Every structure is written in C-alpha cells, then in structure tokens.
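Summary of structural features
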Amino acid sequence: MRIAIVGCGFVADYYMKTIPGHPELELVGVMDRDQDRASRFSAYHSVPTYPTLDELLQDSNVELVVNLTNPSSHFVVSKACLEAGKHVYSEKPLAMELSQAEELVDLAEKRGLYISSAPCNLLGETAQTIWKALREKAIGRVRLVYAEMDDGLVHKMPYRKWSSESGIPWPYKDEFEVGCTLEHAGYYVTWLAAFFGPAQTVTAFSSCLIPDKETDVPLAVEAPDFSVACIKFASGVVARLTCGIVAPHDHSLEIVGDEGILCTKDCWYYSSPVYIKRRISIRRTMFISPWKRKYPLVGKATRYRYRGSQQMDFCRGVAELAAAVREKRPCRLSAQFSLHVNEIVLAIHNALDTGSAYKISSSFAPMAPMPWAK
Ligand SMILES: NC(=O)c1ccc[n+]([C@@H]2O[C@H](COP(=O)([O-])OP(=O)(O)OC[C@H]3O[C@@H](n4cnc5c(N)ncnc54)[C@H](O)[C@@H]3O)[C@@H](O)[C@H]2O)c1
C-alpha cells in the first residue's frame with residue numbers, strides 16, 4: 001500500500017526505522033508544515049517531499065496517510081485526509097476532544113474509509129501473549145489489574161539532549177502541554193479494552209504537580225503530570241491505571257486472577273517477558289509464590305535498530321490497517337476501538353477540571369516526631 005507521512009518530527013524517525021519490516025508499505029512521500037524539517041528529513045531518509053498538505057492529498061498515488069503531527073493538529077490533518085478520500089493512521093490521541101474524534105469516525109464511515117489510531121503495542125508479542133494466557137484462563141477468573149505508566153521526573157532529566165536519529169529534538173514543550181495521560185495512557189488502555197471488552201465507567205483523579213516544569217520557554221497549558229484512574233469494564237474487571245512524569249519509572253502490569261498473577265515489566269518492549277506468579281497455601285495462610293514462571297512468548301522477539309527508551313514496531317499498526325483495507329476486513333485497531341480508547345483517555349485527562357473530589361471536613365493538629373527521631 002502506498003503511504004505518505006505528515007509530520008516529520010521526533011517520532012517519524014521511529015516509523016522510518018520500522019517501515020522496512022513491512023514490505024507491503026511503500027512510502028511515496030512526506031510533508032511537514034515546517035519546510036526546513038521536511039527538507040532535512042527528506043535528505044536524511046532519501047524520500048520525496050510534498051510542499052503542502054493539499055499537494056499531498058491531490059496525489060492519487062497516496063492511498064493512506066500516516067498522521068504524525070502534534071496532537072493539536074491530529075483532528076484537522078486527519079479530517080482533511082478523509083475528505084480527500086485517503087485512509088488515515090493517526091498517532092495518539094485520535095483527537096484532543098471527544099466530539100472531534102466522533103466526527104472523524106463518522107466521516108470515515110460515511111466515506112467508506114478506514115481510520116485507526118496508535119498506539120499499536122497491542123499487536124506486539126507481549127500483549128498478544130498475555131491475551132492468549134487470559135483466553136486459556138491461565139490465572140483463573142480475572143478480578144483486578146494494576147497498570148503503571150510512570151516515567152520518572154522527566155523535567156529534571158537532560159531532555160534537551162534527546163534527539164531522534166535524524167537530529168529532531170524531543171518536543172518537550174508540546175509533551176508537557178499535552179500531558180502524560182494523553183501521551184501515554186493509551187499504551188495500556190488499548191490492552192485492557194482488547195482483553196476485557198468495553199469500559200463502562202472511569203473514575204479518575206488528575207493533577208498538575210509541577211506547573212512550570214522549569215522550562216526555558218513558559219508553558220501555555222498546565223496539563224496533568226499525574227493521573228490515576230479506576231476503569232470498570234463491562235466484563236466486571238476493574239483496572240487501576242497510573243500515569244505520571246513525577247514518580248520513578250515503572251511501566252509494569254499485574255493482572256490479578258483467582259489462581260495467580262499475570263505480569264510483565266514494560267509495555268514499551270514488544271518482547272517484554274510474561275510471567276505467572278501462583279498462589280500457594282501453607283497451613284492457614286495463602287501466599288503469592290516468590291517463584292515466577294515464564295509464560296512463553298507467542299512470537300520471536302525482534303530487536304528494532306534504534307536508540308530510545310522503548311523497543312516498539314511503530315509501523316505494525318499501519319501495516320495492520322493497510323492489510324485490513326486490502327483484504328476488505330475490519331481493522332483490529334478499528335475506528336470504533338480507537339474512539340473508545342480516546343474517550344477513556346480523555347476522561348482521565350479531563351479529570352483535572354471535571355473530577356469531583358470528595359472534600360474531607362475533619363482535620364488534626366500537627367504531630368511531633370518521637371524524641372529520638374528529631
Ligand atoms: N516523542 C515521542 O517519543 C513519541 C513517541 C510515540 C508517539 N508520539 C506521538 O507522535 C506524534 C508526534 O510527536 P513528535 O514527538 O514527533 O512531535 P514533533 O513536534 O517532534 O513533530 C511533529 C511534527 O508535526 C509537524 N506538524 C504539526 N502540525 C502540522 C500540520 N498541521 N501539518 C503538517 N505538519 C505539522 C510539526 O511541524 C513537527 O515537525 C504525537 O502525537 C505524539 O504523541 C511521540
């Protein structure tokens with residue numbers, strides 16, 4: 001399938017690194033509203049550029065557009081692509097507002113086009129292995145999930161030195177203004193929705209703990225840098241998801257079943273090992289066994305040849321979409337699925353403004369430490 005990329009920024013290099021793994025994807029050109037970026041990217045990767053989005057959309061060769069622009073541009077760019085008759089694969093979030101995401105999905109349906117959204121780590125070996133183990137009831141009935149997307153104290157990290165392979169700096173201002181929930185919650189929400197079905201309710205708390213992030217340019221938006229949500233799925237499973245850029249790095253997942261715990265360390269690694277920890281009864285107590293058993297990965301692990309804090313095949317979602325279009329079948333990361341994920345993530349993010357926290361009325365006087373601890 002002939003594809004074009006809009007947005008030649010930091011993440012675009014990761015797509016370029018993983019396109020070769022999908023020979024059915026033929027990149028015919030790229031475009032960025034920043035001409036310098038587009039020219040630099042085009043020279044580095046030896047791909048043609050389109051001077052404007054209109055020119056890209058007028059090219060009948062382009063069948064599918066990969067929208068790698070900043071989140072605030074996702075809606076306008078995806079809408080223009082659909083209106084021009086192109087299928088769309090959008091980086092996450094699908095849109096910054098639910099009404100916009102709904103409009104995109106409606107538009108795609110009316111035009112007989114496909115729209116799908118990242119992240120696609122659900123199509124990775126680790127997620128597919130966990131899903132298989134769940135189908136096989138490897139840990140019995142699932143009750144509860146703890147999913148963590150904490151990235152450490154990012155604003156104190158040397159992020160000014162982070163750049164992509166072709167030299168694009170990590171877009172810290174945009175990342176901080178969009179917020180870690182919209183940026184990262186989807187990596188686990190997609191897994192949870194696929195494993196446990198549609199969500200029924202989201203009860204969330206979001207906060208901006210470090211408003212200025214000590215950036216050289218002032219931030220225009222105080223987005224949440226910490227959020228915690230309890231998601232109740234129609235199947236009865238409840239998941240507690242944490243996202244943050246304050247607490248130490250932790251991307252782990254623990255799925256709690258009646259007969260054991262299914263876990264992995266990091267959803268950003270397509271081949272992160274999957275383990276089962278069993279419950280064991282000794283005399284009158286029940287323990288979680290300290291020995292964890294490896295549950296074999298369903299696919300062979302690949303090492304993607306790029307630097308970064310993850311090992312993900314960014315183009316796997318594009319390839320799935322392209323295959324769905326060609327085979328005239330539903331896409332796994334379908335428009336409705338992407339919309340559902342977007343709605344959950346927005347509900348968590350928006351809890352900063354909409355959350356109705358219970359106000360405690362009682363209080364107490366400060367307590368003195370023990371004398372030997374002063
Ligand atoms: N930075 C990461 O590590 C990372 C990882 C995974 C996913 N993503 C996602 O990828 C997307 C892009 O992030 P990034 O880090 O590459 O950002 P970036 O700022 O480095 O690049 C985005 C590019 O899009 C261009 N752009 C914006 N609006 C445009 C428009 N209307 N028309 C044409 N070009 C436009 C910008 O000029 C810029 O070059 C975001 O949705 C982000 O959530 C980022």
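Right above here is the structure, for reference.
Read on for a plain summary of the structure. One numbering rule holds for all chains: residues counted from 1, following each sequence as written. Restriction of local features to residues with pLDDT of at least 70 applies here, the model being predicted, together with a cutoff of 80 or more for giving and counting side-chain atom pairs; totals for whole chains, interfaces and linings are based on all residues. As a rule here, side-chain values come from all non-hydrogen atoms in the structure, and water together with hydrogens is ignored.

This next bit is on the sheet that holds strand β9 (residues 238-244). Within a sheet, adjacent strands bond to each other through the backbone by hydrogen bonds, running parallel or antiparallel. The rule for pairing is simple: two strands pair if DSSP sees at least two bridges between them. In DSSP terms, a helix is any run of H or I states spanning at least four residues, a strand is any run of E spanning at least two, and both are numbered starting from the N terminus. Spatially, the eight strands line up as an open sheet ordered β7-β8-β9-β6-β10-β11-β12-β13, and their pairing is mixed. Sheet topology places β7 (199-207) and β13 (285-295) at the edges, where each strand pairs with a single neighbour. When the angles between neighbouring strand axes are averaged without regard to direction, this sheet yields 15 degrees. The pairing of strand β8 (residues 226-233) with β9 spans seven bridges and is antiparallel. Residue pairing across strands places I231 opposite A239, the latter belonging to β9. Contacts are assigned to residue pairs with any non-hydrogen atoms lying within 4.5 Å of each other. The angle between two axes is taken between their N-to-C directions and runs from 0 to 180 degrees, where each axis is a line fitted to C-alpha atoms and a helix contributes only its stretch in contact. Taken strand by strand, helix α6 (residues 125-135) contacts β6 (142-150), β10 (253-257), β11 (260-264), β12 (274-282) and β13, and its axis lies near 170 degrees from that of β11. The sheet contacts of helix α11 (residues 335-349) involve β7, β8 and β9, and relative to β7 the element is tilted by about 35 degrees.

With that settled, consider a negative patch on the surface. A cluster of acidic side chains, namely E102, D106, E109 and E343, defines a negative patch on the protein surface. As for its placement among the helices and strands, E343 is situated in helix α11. Patches were defined on residues exceeding 30% relative accessible area and lacking a salt bridge, with like-charge contacts within 9 Å and nonpolar side-chain contacts (Val, Leu, Ile, Met, Phe, Trp, Tyr) within 5 Å. Only the protein chains shown count as cover for residues, and all accessible areas are computed by the Shrake-Rupley method using a 1.4 Å probe. The working definition used for a salt bridge is a side-chain nitrogen of Lys or Arg within 4 Å of a carboxyl oxygen of Asp or Glu. Note that His is not counted, nor are the chain ends; the positive residues are Lys and Arg, and the negative ones are Asp and Glu. Positions of charges follow a simple convention, taking NZ of Lys, CZ of Arg, CG of Asp or CD of Glu.

A few words now on the pattern of salt bridges. Counting across every chain of the model gives 18 salt bridges. In this structure, R143 engages D258 in a salt bridge whose closest nitrogen and oxygen atoms are separated by 2.8 Å. Pair noted here: R143 is in strand β6 and D258 is in the loop between β10 and β11, with a separation of 115 residues, a long-range link. For E254, the salt bridge identified is with K277, shortest N-O distance 2.9 Å. Of this pair, E254 sits in strand β10 while K277 sits in strand β12, and the two are 23 residues apart along the sequence. Connected through shared salt-bridge partners, E320, E327, R329 and R332 make up one network.

The subject of this paragraph is the packing of aromatic side chains. Each Phe, Tyr or Trp ring, with Trp reduced to its six-membered ring, pairs with another whose centre is within 6.5 Å; inter-plane angles below 30 degrees give stacked pairs, above 60 give edge-to-face pairs, and intermediate values give tilted ones. This structure, assessed with the given rule, holds 19 aromatic pairs. Seen in terms of ring centroids, W191 and F195 are 6.2 Å apart; in terms of plane orientation they differ by 50 degrees. Their pairing is tilted. Of this pair, W191 and F195 both sit in helix α9 (residues 186-196), four residues apart, which is roughly one turn of that helix. When accessible area is computed with a 1.4 Å probe and restricted to protein chains, residues below 20% of their type maximum are described as buried, those above 50% as exposed, and intermediate ones as partly exposed. Judged by its relative accessible area of 1%, W191 is buried. Taken together, the ring pairs in this structure connect W131, Y188, W191, F195, F196 and F233 into an aromatic cluster. Only lysine NZ and arginine CZ atoms are considered, and such an atom sits over a ring when it is within 6 Å of the ring centre and within 35 degrees of the ring normal. Across from the ring centre of W131, 5.4 Å away, lies the NZ or CZ of R135, which sits over that ring. The positively charged end of R240 is found above the aromatic ring belonging to Y146, 4.1 Å away from the centroid.

Our next topic: the nonpolar core. Nonpolar core, defined: a set of buried Ala, Val, Leu, Ile, Met, Phe, Trp, Tyr and Cys residues in which side-chain atoms within 4.5 Å join the residues together. F195, F196 and I255 are the most contacted members of the largest nonpolar core, which has 90 residues in total. The biggest single contributor to this core is α9, with nine residues. Contacts of F196, omitting those with residues within four sequence positions, involve L134, V142, V145, F233, S235, V237 and I255. The next biggest cluster of nonpolar side chains, apart from the first, holds 26 residues, and it includes L53, L57, V62 and L113.

By themselves, these are just geometric observations and shouldn't be taken as functional.
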